[in-house]
Amino acid sequence: TSLIILLIGFSLASPNFMQTSNMIAILQATSVNGVLAVAVTLVIITGGIDLSIGTMMTFCAVITGVVLTYAGLPLLLGVIAAIATGAGSGLASGTFVAKMKIPPFIATLGMMLFARGVAQWWSKGNPISFPTEAYAKIGAGMMPVVIFLSLAVLFHFVMNYTLYGKHTYAIGSNEAAARMSGINVPRHLVLVYAIAGMLAGLSAVILTSK
């Protein structure tokens, strides 16, 4: 909504602003943040917070570079590695929060520092190039925008019309009541953080393929 308001405001202020190429460039630039926003929204709905989501994206991007550039493995494995790394990191954060009862702020702060350290160690602080032409097609044109909008619509449906969404809102509203109503709160929280991590991995793929 804020983005739409800004686009309308700038278009009224400058007639040259409303150009197709400019709109596409803005949508492309916001698509990565859009996917991350979907990820962190899931966690916020449960009453938690994930400070590691941005750094996790960087970590997954480094893993993708290692798989595709250093190891020379196929494109699909690079994408799977990014998403799997994000899911694993989110799974760890969720386990710390749900099973070990560590506050989300502390657990995800620790994950952020861990992911940042491993990313810097693995890349040795050097940039990693992605020479694969097929990989670049993921972030070309309107594809990132299509991915973001598809995820936004999908999770809007999931959160409003599925049992998963209802349980997520119930935990965020009153965790004790959700537990007494029969919801497996720890398992659900771990799943929420894991899905958020998967989306962080996907955003890393979009970012590095541009």
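Residues numbered from 1 in each chain as written. Predicted model: local features only at pLDDT ≥ 70, side-chain atom pairs only at ≥ 80, totals over all residues. Heavy atoms only, no water.

Caption draft 1: Molecular detail of unusual backbone geometry. Located in the positive-phi region is Lys101, a residue other than glycine, with phi close to 60°. Note that Lys101 resides in the loop between helix H4 (75–98) and helix H5 (104–123). (Helix = DSSP H or I, 4+ residues; strand = E, 2+ residues; numbered from the N terminus.)

Caption draft 2: Inspection of the packing of aromatic side chains at higher detail. On inspection of all chains with the given rule, the structure shows two aromatic pairs. Relative to Trp122, the ring of Trp121 lies with its centre 6.0 Å away and its plane at 45°, an arrangement referred to as tilted. Using a relative accessible area of 62% as the deciding quantity, one classes Trp121 as exposed. Both rings, one in Phe157 and one in Tyr161, keep their centres 5.5 Å apart while their planes meet at 35°; by these two values the pair is tilted. Of this pair, Phe157 and Tyr161 are both found in helix H7 (residues 143–161), four residues apart, which corresponds to roughly one turn of the helix. Classification of Phe157 by relative accessible area gives partly exposed; the value is 47%. What makes Tyr161 exposed here is its relative accessible area of 57%. (Phe/Tyr/Trp six-rings, centres within 6.5 Å; stacked < 30°, edge-to-face > 60°. Buried < 20%, exposed > 50% of the residue type's maximum accessible area, 1.4 Å probe, protein only.)

Caption draft 3: Structural context of helix H3 (residues 53–70). Taking 1.5 Å as the rise per residue, H3 with 18 residues should run 26 Å; its terminal C-alpha atoms sit 25 Å apart, in good agreement. Summarising burial for H3: 14 of the 18 residues are buried, a large majority. Residue Gly72 follows H3 closely and has a positive phi angle near 70°. (Expected span 1.5 Å × (residues − 1).)

Caption draft 4: Layout of the nonpolar core. Counting 36 residues, the largest nonpolar core has Leu42, Ile53, Leu151, Phe155, Tyr164, Leu199 and Ile206 as its most contacted members. Listed by contribution, the elements that provide at least two residues to this core are helix H2 (20–45), H3, H4, H5, H7 and helix H10 (185–208). Per-element accounting of this core gives the leading share, 10 residues, to H10. Ignoring sequence-local partners within four residues, the contact set of Ile206 consists of Ser31, Val32, Val35, Gly139, Pro144 and Ile147. By size, the runner-up hydrophobic cluster in this structure holds 10 residues, among which are Val62, Ile63, Val66 and Ala81. (Core = buried A, V, L, I, M, F, W, Y, C linked by side-chain atoms within 4.5 Å. Contact = heavy atoms within 4.5 Å.)

Caption draft 5: Layout of the side chain of Ser31. Following the sequence through the fold, Ser31 ends up in helix H2. Here Ser31 falls in the buried class, since its relative accessible area comes to 0%. Apart from the residues lying within four places of it in its own chain, the contact partners of Ser31 are Pro144, Val145, Phe148, Ile206 and Lys210.

Caption draft 6: Spatial organisation of a nonpolar patch on the surface. Taken together, the side chains of Leu73, Leu76, Leu77 and Ile80 define a hydrophobic patch exposed on the protein surface, amounting to about 370 Å² of accessible area. Looking at where Leu73 falls in the secondary structure, it is placed in the loop between H3 and H4. (Patch = residues over 30% accessible without salt bridge, like charges linked within 9 Å, V, L, I, M, F, W, Y side chains within 5 Å. Areas by Shrake-Rupley, 256 points an atom, 1.4 Å probe, with all protein chains shown as cover. Salt bridge = Lys/Arg side-chain N within 4 Å of Asp/Glu carboxyl O.)

Caption draft 7: A look at the environment of Leu12. Structurally, Leu12 can be placed in helix H1 (residues 2–13). Under the relative-accessibility criterion, Leu12 is labelled exposed at 72%. Counting along the chain gives 18 residues from Leu12 to Thr30, while the straight-line C-alpha distance between them is 21 Å.

Caption draft 8: Summary view of the environment of Pro15. Considering the arrangement of structural elements, one finds Pro15 in the loop between H1 and H2. Overall, the relative accessible area of 69% leaves Pro15 in the exposed class. A sequence separation of 53 residues divides Pro15 from Leu68, and the C-alpha atoms of the two residues are 43 Å apart.

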